[in-house]
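One letter stands for each residue in the lines below.
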Amino acid sequence: MKSIATLIGAAALATLSLSVHAQSAQPDLRRGAQLYGQVCVACHAADGNSSTAANPKLAQQHPEYLIKQLQDYKSGKRQNAIMAGFAAPLSDADMRDIAFWLASQAATPGFARDKDKVALGERIYRGGIADRRIAACAGCHSPNGAGIPAQYPRLAGQHAEYTVDQMKQFRSGARGNSPVMTQIAQYMTDREIEAVADFIAGLR
């Protein structure tokens, strides 16, 4: 568990540094709304609450996290051909304005679907699995899934299908922009990933 704690600490410092940079200029929410309408709305819905399970809900997400993801798509650190194309022309100011506008939008609640799996998901989310070095999700993402601003993303209400896909990408190494999540996901089975994702979908 010590290595995970070290990775978490390093990730927190990096994100805090990004937070300071992001807040060095005031975001323009009106401009962010306009840019979002031009670039993002088709996949993530008018208010950031995507109704398509393959596309994440972005409303009420911590802006520093959104900025980091857009920067990672642009640099290639996070691989996704569609998002790379959208992120490529965005300036740092564009990313900041879009991210802070999304953070100002209220997230819609989600729902758990599989009552047989959700109990397992809750146990892992709240307590982890110590003998396989699987840390409790709540430690970084908070007990109610709200995350920790400028450090760890909000998860509550996220589409389970999207969460499953991202966890499997972390596990396989296809998504390599979070060493903490790679370290955790590599020890999880498909059933455990699906159970946690379903539990997260119902958090509020």
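Given the structure is predicted, the values throughout are model-derived calculations rather than measurements.

**Topic: helix α6 (residues 92-103)**
So, point 1. The end-to-end C-alpha separation of α6 is 16 Å, in line with the 16 Å expected for 12 residues at 1.5 Å each.
So, point 2. Among the 12 residues of α6, nine are classified as buried, and the element is accordingly described as predominantly covered.
So, point 3. Taken together, the buried positions of α6 are D94, M95, R96, D97, I98, A99, F100, W101 and L102.

**Here we look at the side chain of N49**
So, point 1. You can see N49 is positioned in the loop between α3 (41-44) and α4 (63-75).
So, point 2. With near-sequence residues (within four places) excluded, N49 lies in contact with H44, K57, A59, A106, A107 and T108.

**Digging into the nonpolar core**
So, point 1. With 27 residues, the main nonpolar core has I124, Y125 and M188 as its most contacted residues.
So, point 2. Those elements that place two or more of their residues in this core are α7 (115-127), α9 (160-172), α10 (179-185) and α11 (190-201).
So, point 3. If one sorts the elements of this core by residue count, α11 sits on top with seven residues.
So, point 4. Ignoring any residue separated from it by four or fewer positions in sequence, one finds I124 in contact with I129, I134, A135, A136, C137, M188, E192 and V196.
So, point 5. Of all hydrophobic cores here, the second largest spans 16 residues; its members include L58, Y73, L90 and I98.

**Side note on the environment of R132**
So, point 1. Looking at the element boundaries, R132 is found in the loop between α7 and α8 (138-141).
So, point 2. Given the relative accessible area of 30%, R132 is considered partly exposed.
So, point 3. For the pair R132 and Q186, spaced 54 residues apart in the sequence, the C-alpha separation amounts to 9.7 Å.
So, point 4. Leaving out residues up to four positions away in the same chain, R132 has contacts with Y187, M188, T189 and E192.
So, point 5. Here the side chain of R132 touches Y187 through a polar contact of 2.9 Å, landing on its backbone oxygen.
So, point 6. A polar contact of 2.5 Å, which involves the side chain of R132, links it to the side chain of E192.

Parameters and conventions
- Residues numbered from 1 in each chain as written.
- Predicted model: local features only at pLDDT ≥ 70, side-chain atom pairs only at ≥ 80, totals over all residues.
- Heavy atoms only, no water.
- Helix = DSSP H or I, 4+ residues; strand = E, 2+ residues; numbered from the N terminus.
- Expected span 1.5 Å × (residues − 1).
- Buried < 20%, exposed > 50% of the residue type's maximum accessible area, 1.4 Å probe, protein only.
- Contact = heavy atoms within 4.5 Å.
- Core = buried A, V, L, I, M, F, W, Y, C linked by side-chain atoms within 4.5 Å.
- Polar contact = N/O pair within 3.5 Å; in protein donor to acceptor, adjacent residues only side chain to side chain.

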